[in-house]
Amino acid sequence: MWTIRFFEDEVKELFTRNLVRGSTHLCQGQEAVAVGVCRALSAGDTMTCTYRGHGAVLAMGAPVDRSFGELLGRAQGLCGGKGGSMHLADLSVGALGSNAIVGGHLPTSVGAALASQYLRTGAVSVAFFGDGATNIGAFHESLNLASIWKLPAIFVIENNHYGEYSPLEATTPVTRLADRAASYGMPGVYVDGNDVVAVRAVARDAVARARAGDGPTLVEADTYRQQGHSRSDPGAYRPDGELDGWIARDPITRLSDAVVAAGTLGAEQVGAIRDEVLRDVKDAAERAIAWPQPEPEARFANVWAERS
Amino acid sequence: MGETMNYRQVIARALADELAADPKVIFIGEDVGAAGGAFKSTVGLHERFGSDRVRDTPISEQAIVGAAIGAAMMGVRPVAEIMFADFAGVCFDQIANQLAKFRYMTDGQARLPVTIRMANGAGGGFAAQHSQPAENWFLNIPGLKIVVPATVPDLYGLMRGAIRDDDPVLFFEHKNLFAVKGEVEDGAGPLPLGVADVVRRGADVTIVATQQMRHRSVEAAERLASEGVEATVIDPRTLVPFDDDAVADSLRTTSRLVVVQEAPQAGSWGASLVARMVTGHFDLFDAAPVLVAADDTPVPYAGTLEDAWLPSVDRIVTETRKLVSY
């Protein structure tokens, strides 16, 4: 979780230094959802996510320096500088791609689950998406198809309570999004998305169900976006005190406090781990900044597969 | 020797041969399995290959295309059917933003060997939402290959070629050609994408046309021949990649170009071809090229209206005669 937090903090810094192009959508505060779910997966499982997907891609195990490299548009970036912040992907670790079309990756994640079922690989396919995506047609089609085919899929709503600038209650007639699972004949599970241990437990159940051939699960992880929607959004529409309330429930603080309270680690040890992670993330960013940008000719590569 | 069949029947034959050749090939779509397809073009596949490989889906075009994309990422070679090509509008995001761009955005981390079959085109009285020549919608999206077969052997070979291709292929079957007969030779195999068929050779004018316009252009060329005007007729067979060389080679002899298409002009493959030929090969022309296109309206329903909307043999003859006499 610290890796993701410090990565996002660094991205914010790099963006203000004009080293990251376009836009970024940061996920500070939502780390427990990505980490809790991805820690329940095994090698060979796959994950798709949203344009707010740096955390999920890192949670799958993508290298931190090459992730920075992609956001910086470097040749050694995960996608050779062709994807950027909103299209971060590392197929070698099962991160099948962040998606900049809201809900556009849900049908694709169903396809990864179909391949698992057809090829009998036993792999589970996870899709992360926001509360806003539950209102688009692709959500309905994807859950319906995954359910009738009993595919090994897990649909994880990162309910951060805002679809871009609009609060959930302004766009969505139900408050408990997990209830939508009933329409698709699958379990709908609500979990505190700022409690990484609870998220992991829910994800393990869903993974077991998927691997057993019992079909998909819809998980609603209740969390909060501590930053605005994107870099151009200061989040001024948030009611007074809302952000403070969620920062008091910050997933990283909660876990480190719990670890210390349980006597698993001392406060100094926790602090040492934190410092080490911070140093590693900073080092990775420095490495990536030093990498060259792609040659202009590289833009022609990989429109098409080479014919064998 | 070979087997004579019609354009509708050869669809199932080509699919069956690829399903048999490669266990990684699966086929999904609405009513494609137990029902044998909305056009009865996939009859027998479900019985032969089972519901694991020939899968019926709900009416969910986004999920159908998306499922094909995700499965392809993970090593399957899916064929998906979108029934009427017009319904591609429902899943345009999946085709334009996901299928076409995924390989590029990830800098080649995956190949997407997805074939999407669609019944295309006008002439059958299906009216505006079931008749559009939808292939033109996709010309502006790099990353997609576009196949438009006109004959039985072409459909057979190109379907097999499309399924074996490692790139996404949009495969347009023209529903007004379902009854056209032809022969699939014994031992016929996949055809490469991007190679035009020179249907007939003549020294006076080059006519380029696809699908039902190919058949109308051949008829027009025969009528023109009786008047002493000899036309070369070229069917590119695939719009992406496009065999520009075949057209340019012919222009070296004929110096005159007629492009015939059933779509409106704006943003069409015919307009692109004319632009490419004029800008790249201006020295070959003795006269300005002609684009015989459909009207800039939606496809109308009534027979008299739809007949007038589509370029007719008469119109191809008239416009070609005018060009040759220039």
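Residues numbered from 1 in each chain as written. Chains lettered and ligands numbered in written order. Predicted model: local features only at pLDDT ≥ 70, side-chain atom pairs only at ≥ 80, totals over all residues. Heavy atoms only, no water.

1. Concerning the side chain of B:K175
Residue and element names in this part refer to chain B. Counted only if it meets this: Runs of H or I in DSSP of at least four residues are treated as helices and runs of E of at least two as strands, each being numbered from the N terminus. Note on classification: 1.4 Å probe, protein chains only; a residue is buried when its accessible area is under 20% of the maximum for its type, exposed when over 50%, partly exposed between these limits. Positive charges come from Lys and Arg alone, negative charges from Asp and Glu alone, with His and the N- and C-terminal ends not counted. The salt bridge criterion pairs a side-chain nitrogen of Lys or Arg with a carboxyl oxygen of Asp or Glu, the two atoms within 4 Å. Whenever a nitrogen or oxygen atom comes within 3.5 Å of another N or O atom, the pair is scored as a polar contact, on the condition that within protein one atom can donate a hydrogen and the other can accept it, and that pairs from neighbouring residues in sequence are kept only if both atoms are in side chains. Throughout, a contact is declared for two residues whenever any of their heavy atoms are within 4.5 Å.
Inspection of the secondary structure assignment puts K175 in the loop between β7 (169-174) and β8 (181-185). No salt bridge is formed by the buried K175; the nearest opposite charge belongs to D86, separated by 4.8 Å. Among the polar contacts listed, one links the side chain of K175 to the backbone oxygen of G121, at a separation of 2.7 Å. With near-sequence residues (within four places) excluded, K175 lies in contact with F39, F84, A119, N120, G121, F126, H130 and S131.

2. What to know about the packing of aromatic side chains
Rules: Centre distance within 6.5 Å is the pairing criterion for rings of Phe, Tyr and Trp, where only the six-membered ring of Trp is used; planes under 30 degrees apart are then read as stacked, over 60 as edge-to-face, and the remainder as tilted.
According to the stated counting rule, one finds 16 aromatic pairs over all chains in the structure shown. Measuring from ring centre to ring centre gives 6.3 Å for A:Y162 and A:Y224, while their planes differ by 75 degrees; the resulting arrangement is edge-to-face. You can see A:Y162 sitting in strand β5 (residues 162-163) and its partner A:Y224 sitting in the loop between β8 (217-222) and α9 (242-247), a full 62 residues away along the chain. Exposure remark for A:Y224: the relative accessible area of 1% places this residue in the buried category. Centre to centre, the rings of B:Y7 and B:F178 are 6.3 Å apart; their planes meet at 50 degrees, and the pair counts as tilted. Placement of the pair is B:Y7 in helix α1 (residues 7-21) and B:F178 in the loop between β7 and β8, with a sequence separation of 171 residues.

3. Notes on the interface of chain B and chain A
Here is the rule we go by: Put simply, buried area is the surface a 1.4 Å probe can reach on two separate parts but cannot reach once they are joined, added for both. Lys, Arg, Asp and Glu make up the charged group, whereas Ala, Val, Leu, Ile, Met, Phe, Trp, Tyr, Cys and Pro make up the nonpolar group; the residues left over, Gly among them, are polar.
Facing the 46 residues of chain B at the interface are 41 residues of chain A. Counting each side, the surface lost to burial between chain B and chain A is near 3,700 Å², with a carbon and sulfur contribution of 59%. Counting the surface chain B buries against chain A, the share from its top three residues, B:Y104, B:M105 and B:Q109, is 18%. Counting every contact that joins chain B to chain A gives two salt bridges. Of the charged contacts, one joins B:D52 and A:R120 as a salt bridge, the two residues approaching to 3.9 Å between their closest N and O atoms. Every element with two or more residues in the side of chain B that touches chain A is listed here: β2 (25-29), β3 (54-56), α3 (61-73), α4 (92-99) and α5 (102-105) of chain B. Ranked by residues supplied to the side of chain B that touches chain A, first place goes to α3(B) with nine residues. Residue classes in the side of chain B that touches chain A are distributed as 19 nonpolar, 13 polar and 14 charged.

4. Description of the confidence of the model for chain B
Here is the rule: The pLDDT score gives, residue by residue, the confidence of the prediction method on a 0 to 100 scale.
Residues with a pLDDT of 70 or more make up 100% of chain B, whose mean pLDDT is 97. For this predicted complex, the interface score ipTM comes out at 0.94, alongside a pTM of 0.96.

5. Let's talk about the nonpolar core
The criterion, for reference: Residues belong to a common nonpolar core when they are buried Ala, Val, Leu, Ile, Met, Phe, Trp, Tyr or Cys residues joined through side-chain atoms within 4.5 Å.
In this structure, A:F68, A:F128 and A:F155 are the most contacted members of the largest nonpolar core, which totals 175 residues. Looking at this core, the element that brings in the most residues is α3(B), giving nine residues. Every residue in contact with A:F68, bar those within four places of it in the chain, is listed here: A:F7, A:E10, A:V11, A:L14, A:V281, A:A284, A:A285 and A:A288. Grouped together as the second largest cluster of nonpolar side chains are 25 residues, B:I207, B:A209, B:V229 and B:L310 included.

6. Brief notes about the pattern of salt bridges
Residue and element names in this part refer to chain B. Enumeration over the complete set of coordinates arrives at 32 salt bridges over all chains. When the shortest N-O distance is used, the salt bridge between D52 and R55 registers 3.0 Å. Since its relative accessible area comes to 27%, D52 is described here as partly exposed. The buried category is assigned to R55, whose relative accessible area is 6%. Here R237 and D154 are joined by a salt bridge, their closest N and O atoms 2.8 Å apart. In this pair, R237 is assigned in the loop between β11 (231-235) and β12 (238-240) and D154 in helix α6 (residues 152-164), connecting sequence segments 83 residues apart. You'll find R237 and D154 in the same group, each marked buried. Through salt bridges with shared partners, a single network forms among D154, D197, R214, D235 and R237.

7. Notes on the sheet that holds β3(B)
Residues and elements named next belong to chain B. Applied cut-off: In this description, strands pair whenever DSSP reports at least two bridges between them. Orientation is described by lines fitted to C-alpha atoms, with helices fitted over the stretch in contact, and by angles between N-to-C directions that extend from 0 to 180 degrees.
Spatial strand order, β3-β2-β4-β5-β7-β6-β12: seven strands in an open sheet with mixed pairing. Whereas interior strands pair on both sides, the edge strands pair on one side only; in this sheet they are β3 and β12. Ignoring which end each strand starts from, the neighbouring axes of this sheet average 20 degrees apart. Across four bridges, strand β4 (residues 77-84) lies against strand β5 (residues 115-120) in parallel orientation. Across the sheet, F84 pairs through a bridge with A119, a residue of β5.

8. Examining helix α7 (residues 211-226) of chain B
For an α-helix, 3.6 residues make a turn, and residues three or four places apart therefore share a direction. All names here are of chain B. Rules: Take the number of residues in a helix, subtract one, and multiply by 1.5 Å to get its expected span.
Helix length check: α7 (16 residues) gives 24 Å between terminal C-alpha atoms against 22 Å at 1.5 Å per residue, within 8%. Buried residues of α7: Q211, Q212, M213, R214, S217, V218, A220, A221 and L224, and no others. In the stretch just after α7, G228 is the one whose phi turns positive, near 95 degrees.

9. A few points about a negative patch on the surface
Residues and elements named next belong to chain A. Short version of the rule: Patch rule: a residue counts if its relative accessible area is over 30% and it has no salt bridge; like charges are joined within 9 Å, and nonpolar side chains (Val, Leu, Ile, Met, Phe, Trp, Tyr) within 5 Å. Methods summary: accessible areas were calculated by the Shrake-Rupley approach with a probe of 1.4 Å, and residue burial reflects only the protein chains presented. Every charge is mapped onto a representative atom, which is NZ of Lys, CZ of Arg, CG of Asp or CD of Glu.
Judged by side-chain charge, E276, D280, D283 and E286 come together as a negatively charged surface patch. Inspection of the secondary structure assignment puts D283 in helix α11 (residues 267-290). Assessed through its relative accessible area of 38%, D283 is described here as partly exposed.

10. Digging into the environment of A:R200
All names here are of chain A. Relative to the elements of secondary structure, R200 occurs in helix α8 (residues 196-211). Residue R200 is classed as partly exposed on the basis of its relative accessible area of 31%. With 160 residues separating them in the primary sequence, R200 and A40 have C-alpha atoms 5.9 Å apart. In this view, R200 contacts G36, R39 and A40; residues no more than four positions away in its chain are not counted.

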